[in-house]
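Residue-level listing of the chains:
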Amino acid sequence: MALRAAVLRHIRVPVQTLGLKSNPRAPSGSIRLMSSHDDHLSKEEVADRVLSVVKSFPKVDPSRVTPEVHFQKDLGLDSLDSVEIVMALEEEFKLEIPDKEADKIDSCNLAIEYIHNHPLAS
């Protein structure tokens, strides 16, 4: 059911409306509007939310968190902590990050890029 809802949010569906003037450039003068789920997150919004999640992690000093910070090198976190942060990001953005991709996310910048480019991030 969740998969169906996710797919339906991204399918363009022709919508016919009444009472609108037809587009003279449209074939046969018909009206064809498209409905789509176009409210993709901006990169700034993703960055703000990623930084907020990382700052709220118990082992992190919030004053050291920047978009360029590396989880292990700069924050002194271990690999398990990185996994926990990625899981918190999945929960925050309501998406599932495959293990192969999650293993690559070791900094705020990579998390921001991955989530910003993910079509289902919300």
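Scroll up to find the structure.
Residues numbered from 1 in each chain as written. Predicted model: local features only at pLDDT ≥ 70, side-chain atom pairs only at ≥ 80, totals over all residues. Heavy atoms only, no water.

Some remarks on the environment of Glu 113
Residue position: Glu 113 is located in helix α5 (residues 108–117). What makes Glu 113 partly exposed here is its relative accessible area of 27%. Counting along the chain gives 66 residues from Glu 113 to Ala 47, while the straight-line C-alpha distance between them is 8.7 Å. (Helix = DSSP H or I, 4+ residues; strand = E, 2+ residues; numbered from the N terminus. Buried < 20%, exposed > 50% of the residue type's maximum accessible area, 1.4 Å probe, protein only.)

Examining helix α3 (residues 79–93)
Between the first and last C-alpha of α3 there are 21 Å, a value that for 15 residues agrees with the 21 Å anticipated at 1.5 Å per step. If you check which residues of α3 are buried, you get Asp 81, Ser 82, Ile 85, Val 86, Leu 89, Glu 90 and Phe 93. Considering only its buried residues, α3 is in contact with α2 (43–55), α4 (99–102) and α5. You can read the cap of α3 off the contacts: a side-chain oxygen lies 3.1 Å from the backbone nitrogen of Leu 80, and it is on Asp 78. (Expected span 1.5 Å × (residues − 1). Contact = heavy atoms within 4.5 Å. Polar contact = N/O pair within 3.5 Å; in protein donor to acceptor, adjacent residues only side chain to side chain.)

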